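Tertiary structure, described
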Amino acid sequence: TIYKAPLAGTNPGGLSADMDLRSYFASMAPKLEKPSQWCGVSFLPADWNTMLEIAGAAAECMKQKYNVIMIPHHTQIFAVLMFAVRACGVNDKSEKVLAASLPKTMLARVGTGEGKSLIIGMLAAFVAKKGLRAHVINDQRVLTKRDYDTNA
């Protein structure tokens with residue numbers, strides 16, 4: 001099991017406006033002790049640490065730009081995690097990863113106001129940290145400008 005407890009539930013009463021949320025995530029989130037396997041793809045403890053770093057950076061960004069402590073919700077982390085594990089198999093050339101066993105397309109249904117922009121931003125950061133290219137396409141100019149201003 002990779003994701004055991006919601007990050008949003010890690011003692012939210014202990015958060016304050018002056019604390020470093022990146023450090024908070026690193027110290028409070030559950031640790032991944034050994035690689036997790038899915039369809040022959042290994043999701044390593046270092047990958048989980050990258051996810052925590054990105055979630056902490058996203059929370060820190062929201063705090064700095066909007067003066068609001070906003071920790072990614074567990075459904076947002078789960079959606080990013082689902083795609084991140086798949087992304088880990090992209091460059092894996094080992095025989096354990098069978099190309100036919102990995103889905104070519106993955107979809108996640110995220111409702112209005114449930115954080116699609118945050119999910120996409122965190123996933124793009126994870127993909128980039130894995131050395132891959134991330135292309136984010138959006139056909140709504142208002143959201144594109146808002147998200148660029150927030151995430152750039």
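Described in the following lines is the structure provided in the data block. These figures come from a predicted structure and were not determined experimentally.

Right, let's get into the packing of aromatic side chains. What the rule picks out here adds up to 1 aromatic pair. Aromatic side chains F43 and F126 sit 6.3 Å apart centroid to centroid with 25 degrees between the ring planes, which places their arrangement in the stacked category. With F43 in strand 2 (residues 41–43) and F126 in helix 4 (residues 116–129), this pair connects stretches of sequence that are 83 residues apart. Each member of the pair, F43 as well as F126, is classed as buried.

Here helix 2 (residues 45–66) is 22 residues long and its end C-alpha atoms lie 31 Å apart, about the 32 Å a rise of 1.5 Å per residue gives. N67 sits one or two positions beyond helix 2 and adopts a positive phi of about 60 degrees.

Moving on, we come to the side chain of E60. Here E60 is to be found in helix 2. Residue E60 is classed as buried on the basis of its relative accessible area of 8%. Polar side-chain contacts of E60 include one of 3.2 Å to the side chain of K63.

Turning our attention to the nonpolar core. With 30 residues, the main nonpolar core has F43, W48, M51, M122 and F126 as its most contacted residues. Elements with a contribution of two residues or more to this core: helix 1 (21–28), strand 2, helix 2, helix 3 (74–88) and helix 4. Ranked by residue count, the leading element in this core is helix 3, at 9 residues. Apart from the residues within four sequence positions on either side, M122 is in contact with I54, A55, A58, P72, I77 and V80.

Take a nonpolar patch on the surface next. Residues Y66, V68 and M70 make up a contiguous nonpolar surface patch of about 270 Å² in total accessible area. Mapping Y66 onto the fold places it in helix 2. When its relative accessible area of 44% is taken as the criterion, Y66 is described as partly exposed.

Turning our eyes to something else, we now look at helix 3. Given a rise of 1.5 Å per residue, 15 residues ought to cover 21 Å, and the 20 Å separating the end C-alpha atoms of helix 3 matches this to within 8%. Burial analysis of helix 3 places 11 of its 15 residues in the buried class, which makes it a mostly covered element. Tucked inside the fold, the buried residues of helix 3 contact strand 1 (36–38), strand 2, helix 2 and helix 4.

It is worth spelling out the pattern of salt bridges at this point. As enumerated under the stated definition, the model contains 4 salt bridges in all. Between D47 and K130 there is a salt bridge whose closest N-O contact spans 2.9 Å. Taken together, the residues D47 in helix 2 and K130 in the loop between helix 4 and helix 5 (141–151) connect sequence positions 83 residues apart. Here K129 and E53 are joined by a salt bridge, their closest N and O atoms 2.9 Å apart. A residue pair is termed long-range when its members are at least 10 positions apart, and K129 in helix 4 and E53 in helix 2 qualify at 76 residues.

Calculation rules
- Residue positions are counted from 1 within each chain, in the order its sequence is given.
- The predicted nature of this model means local features are confined to residues of pLDDT at least 70 and side-chain atom pairs, given and counted, to a pLDDT of 80 or more, with totals for whole chains, interfaces and linings taken over all residues.
- As a rule here, side-chain values cover all heavy atoms of the structure and leave hydrogens and water aside.
- Each aromatic pair joins two rings of Phe, Tyr and Trp (for Trp, the six-membered one) with centres within 6.5 Å, and gets the label stacked for planes under 30 degrees apart, edge-to-face for over 60, and tilted for any other angle.
- Strands here mean DSSP runs of E at least two residues long; helices mean DSSP runs of H or I at least four residues long; both are numbered from the N terminus.
- For each residue, the accessible area found with a 1.4 Å probe, counting protein chains only, is set against the maximum for its type, and the residue is called buried under 20%, exposed over 50%, and partly exposed in between.
- An expected span of 1.5 Å times one less than the residue number is assigned to each helix.
- Residues adjacent in sequence count toward polar contacts only when both atoms are side-chain atoms; beyond that, a polar contact is any pair of N or O atoms within 3.5 Å, and within protein one must be able to donate a hydrogen and the other to accept it.
- To qualify as a nonpolar core, a set must consist of buried Ala, Val, Leu, Ile, Met, Phe, Trp, Tyr and Cys residues joined through side-chain atoms within 4.5 Å.
- Between two residues, a contact is recorded if the distance between any of their heavy atoms is within 4.5 Å.
- Residues enter patches when they are more than 30% accessible in relative terms and free of salt bridges; like-charged ones are connected within 9 Å and nonpolar ones (Val, Leu, Ile, Met, Phe, Trp, Tyr) within 5 Å.
- Only the protein chains shown count as cover for residues, with accessible areas throughout obtained via the Shrake-Rupley method and a probe of 1.4 Å.
- For salt bridges, the criterion is a side-chain nitrogen of Lys or Arg within 4 Å of an Asp or Glu carboxyl oxygen.

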